[in-house]
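# A structural walkthrough
For reference, the chains in residue letters:
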There are 2 protein chains.
Amino acid sequence: MIVEFHFDFGSPNAYLSHRAIPAIETRTGVTFTYVPVLIGGVFKATGNASPAVTLQGIKNKGEYQQVEMERFLKKHKIADYNSNPFFPVNTLQIMRGAIFAQTQDYYERYIHEIYQHMWCEPKKMDEPEVIRNAFEASGLPSADIFEGMQDTTVKQTLIDNTTRSVEMGSFGSPTFFVDNEIFFGKDKLTDVEDEIINNNKKR
Amino acid sequence: MIVEFHFDFGSPNAYLSHRAIPAIETRTGVTFTYVPVLIGGVFKATGNASPAVTLQGIKNKGEYQQVEMERFLKKHKIADYNSNPFFPVNTLQIMRGAIFAQTQDYYERYIHEIYQHMWCEPKKMDEPEVIRNAFEASGLPSADIFEGMQDTTVKQTLIDNTTRSVEMGSFGSPTFFVDNEIFFGKDKLTDVEDEIINNNKKR
């Protein structure tokens, strides 16, 4: 069974999903494949926009999203989430870094560490110096990754991932695919888990 | 415990929620209070708009809503839903009728029957003749209800319900309140049920 999580470090709802995923993996025995995509590219290709934009000027809707976020944090016992004061952060460099890290032996650690730098001790992760310091604080090979970010194949893979995501039906973040069945939003993780369980039964 | 369902006959997602509610009532022993509101009024007061408007021009998002609707129909074994070809139907008259019916002994039957006329054998339920024929086909006292719809108190109650709904945090349809805790969308019915169960335990 292939379970994909299409993520961009810049989406808080993708981050919160990332925090809920390990327990689902433990319960189901299935490992999620983390697919780096550029949410800005998804928005551009679909004509969609960030909730930060679409919620503007709508009374009650943003407040409700906040209520749902608090419920999610409580349900999943996430105590160290901090909204990033530099939001929206341009994640192009750190997403290219993720593509490069996939070819190395520290992809999982890269994801964990960058997410920490984005949403636990939030930093302006689109400034080279901030990124470099973050890599170093996390014991990641900064020079290697910065070089990797400039690689033509790395750049193209991120574009291709994003194009493929839209072709598969993406329009926002986070998006999940369980054997090509699409699920959108952190609140659909329960359905993602049910789908995995049902697919497990069929095998 | 007070569990409110703020509904407008014009919202397909409110209708689908209506179909899922009886099983929740059976499982929890709690009865939902159906509160008639004008979704158009909610949109106007909050600056929000119908998904029919907000989804326009966004690739994949409408298709995904359709996937989620199919999943909901399957999960709740709803076989007789039909999208209304006259959508959006101006529901002002039939919502005023609901307010009037609340003062009579056929409120529940009124809701059931009008919903059938909207989303099972869908009709243009904003034309007086269509409404009259529907009332008569359902054995509802047509003349009484049409008279009731013109009542000043009835008209004002619908406005007041809508204002109160927005004050409580509504911005769209369907909206639920479990002892003032707000839940938005048919996909949140699972959380509504969990909240009822938790509140039941506390008593």
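The model shown is predicted, which means the values in this text are computed figures rather than measured ones. (Residues numbered from 1 in each chain as written. Chains lettered and ligands numbered in written order. Predicted model: local features only at pLDDT ≥ 70, side-chain atom pairs only at ≥ 80, totals over all residues. Heavy atoms only, no water.)

Residue and element names in this part refer to chain A. Read across the sheet, four strands follow the order 2-1-3-4 without closing on themselves; strand pairing throughout is mixed. A strand with exactly one partner marks an edge of an open sheet, and here the two such strands are strand 2 (32–36) and strand 4 (181–184). With direction set aside, neighbouring strand axes in the sheet form an average angle of 25 degrees. As paired strands, strand 3 (residues 175–178) and strand 4 are joined by four bridges and run antiparallel to one another. Across the sheet, Phe-176 pairs through a bridge with Phe-183, a residue of strand 4. Sheet contacts for helix 1 (residues 12–28): strand 1 (3–7), strand 2 and strand 3; angle to strand 2, the most-contacted strand, approximately 160 degrees. Its contacts with the sheet put helix 10 (residues 189–202) on strand 1, strand 2, strand 3 and strand 4, and the angle it makes with strand 3 is roughly 10 degrees. (Pairing = 2+ DSSP bridges. Helix = DSSP H or I, 4+ residues; strand = E, 2+ residues; numbered from the N terminus. Axes fitted to C-alpha atoms, helices over the stretch in contact; angles between N-to-C directions. Contact = heavy atoms within 4.5 Å.)

The next thing to look at is the environment of Tyr107(A). Residues and elements named next belong to chain A. Tracing the backbone through its elements, the reader meets Tyr-107 in helix 6 (residues 107–119). Once the C-alpha coordinates of Tyr-107 and Arg-71 are considered, the two residues, 36 residues apart in sequence, prove to be 30 Å apart. Ignoring sequence-local partners within four residues, the contact set of Tyr-107 consists of Phe-7, Tyr-34, Val-35, Pro-36, Ala-98, Ala-101 and Gln-102.

Turning to the interface of chain A and chain B, a few remarks are in order. Facing 22 residues of chain A, the contacting portion of chain B comprises 22 residues. Across the interface of chain A and chain B, roughly 1,900 Å² is buried in total on both sides, 54% from carbon and sulfur atoms. Lys188(B) serves as the salt-bridge partner of Asp187(A), at 2.8 Å between the closest nitrogen and oxygen. In this structure, the connection of chain A to chain B is made through 16 residue pairs in polar contact (both at pLDDT 80 or more). Mapped by element, the contributors of at least two residues to the side of chain A that touches chain B are helix 2 (39–46), helix 4 (61–75) and strand 4 of chain A. Its residues assigned to classes, the side of chain A that touches chain B comprises eight nonpolar, seven polar and seven charged. (Buried area = accessible area lost by both parts, 1.4 Å probe. Salt bridge = Lys/Arg side-chain N within 4 Å of Asp/Glu carboxyl O. Polar contact = N/O pair within 3.5 Å; in protein donor to acceptor, adjacent residues only side chain to side chain. Nonpolar A, V, L, I, M, F, W, Y, C, P; charged D, E, K, R; others polar.)

The subject of this paragraph is the pairing of strand 2 (residues 32–36) of chain B. Residues and elements named next belong to chain B. Buried residues dominate strand 2, accounting for four of its five residues. As paired strands, strand 1 (residues 3–7) and strand 2 are joined by five bridges and run parallel to one another. Across the sheet, the residue bridging to Phe-7 is Pro-36, located in strand 2. This β-α-β element, strand 1 to helix 1 (residues 12–28) to strand 2, shows right-handed connectivity. (Buried < 20%, exposed > 50% of the residue type's maximum accessible area, 1.4 Å probe, protein only. Right-handed = clockwise from strand over helix to strand, strands pointing away.)

Inspection of the entire model under this criterion finds 20 salt bridges over all chains. Between Arg27(B) and Glu193(B) there is a salt bridge; the shortest N-O distance is 2.7 Å. Taken together, the residues span a long stretch of sequence, with Arg27(B) in helix 1 and Glu193(B) in helix 10 (residues 189–202) at a distance of 166 residues. What makes Glu193(B) buried here is its relative accessible area of 13%. Through salt bridges with shared partners, one network takes in Glu68(A), Arg71(A) and Glu181(B).

It is worth spelling out the relation of the copies chain A and chain B at this point. The two copies are related by a screw motion: chain A maps onto chain B through a turn of 180 degrees and a shift of 0.0 Å along the axis, at an RMSD of 0.0 Å. Such a turn and shift between the copies fits a two-fold axis. (Least-squares fit on C-alpha atoms with pLDDT ≥ 70 in both.)

Now for the packing of aromatic side chains. Under the definition given, this model contains 34 aromatic pairs over all chains. Ring plane angle 85 degrees and centroid distance 4.9 Å describe the contact between Phe5(A) and Tyr34(A), whose orientation is recorded as edge-to-face. Placement of the pair is Phe5(A) in strand 1 and Tyr34(A) in strand 2, with a sequence separation of 29 residues. What makes Tyr34(A) buried here is its relative accessible area of 12%. Stacked on the ring of Phe146(A), the Lys or Arg Arg132(A) has its end atom at 4.4 Å from the ring centre. The ring of Phe183(A) is capped by Arg71(B), whose NZ or CZ atom sits 4.0 Å from the centre of that ring. (Phe/Tyr/Trp six-rings, centres within 6.5 Å; stacked < 30°, edge-to-face > 60°. Lys NZ or Arg CZ within 6 Å of the ring centre and 35° of its normal.)

The subject of this paragraph is the packing of helix 1 of chain B against helix 4 (residues 61–75) of chain B. Residues and elements named next belong to chain B. Running from N to C, helix 1 and helix 4 cross one another at 20 degrees; their axes reach a closest spacing of 11 Å. Taken together, the axes of helix 1 and helix 4 are roughly parallel relative to one another. Crossing handedness for the pair helix 1 and helix 4: left-handed. Across from Pro-12, Asn-13, Leu-16, Ser-17 and Ala-20 in helix 1, the residues of helix 4 making contact are Met-69, Phe-72 and Leu-73. Residue composition of the contact of helix 1 with helix 4, by class: six nonpolar, two polar and no charged. (Parallel < 35°, antiparallel > 145°, perpendicular 65-115°, else oblique. Left-handed = near helix turned anticlockwise from the far one by under 90°.)

Once that is clear, we can look at unusual backbone geometry. Residue and element names in this part refer to chain A. Omega for the bond connecting Phe-87 with Pro-88 falls within 30 degrees of zero, at -5 degrees, which places this linkage in the cis form. Looking at where Pro-88 falls in the secondary structure, it is placed in the loop between helix 4 and helix 5 (92–102). Here the phi dihedral of Asn-60 falls at roughly 75 degrees; this positive angle occurs in a residue that is not glycine. Locating Asn-60 in the fold gives a position in the loop between helix 3 (51–54) and helix 4.

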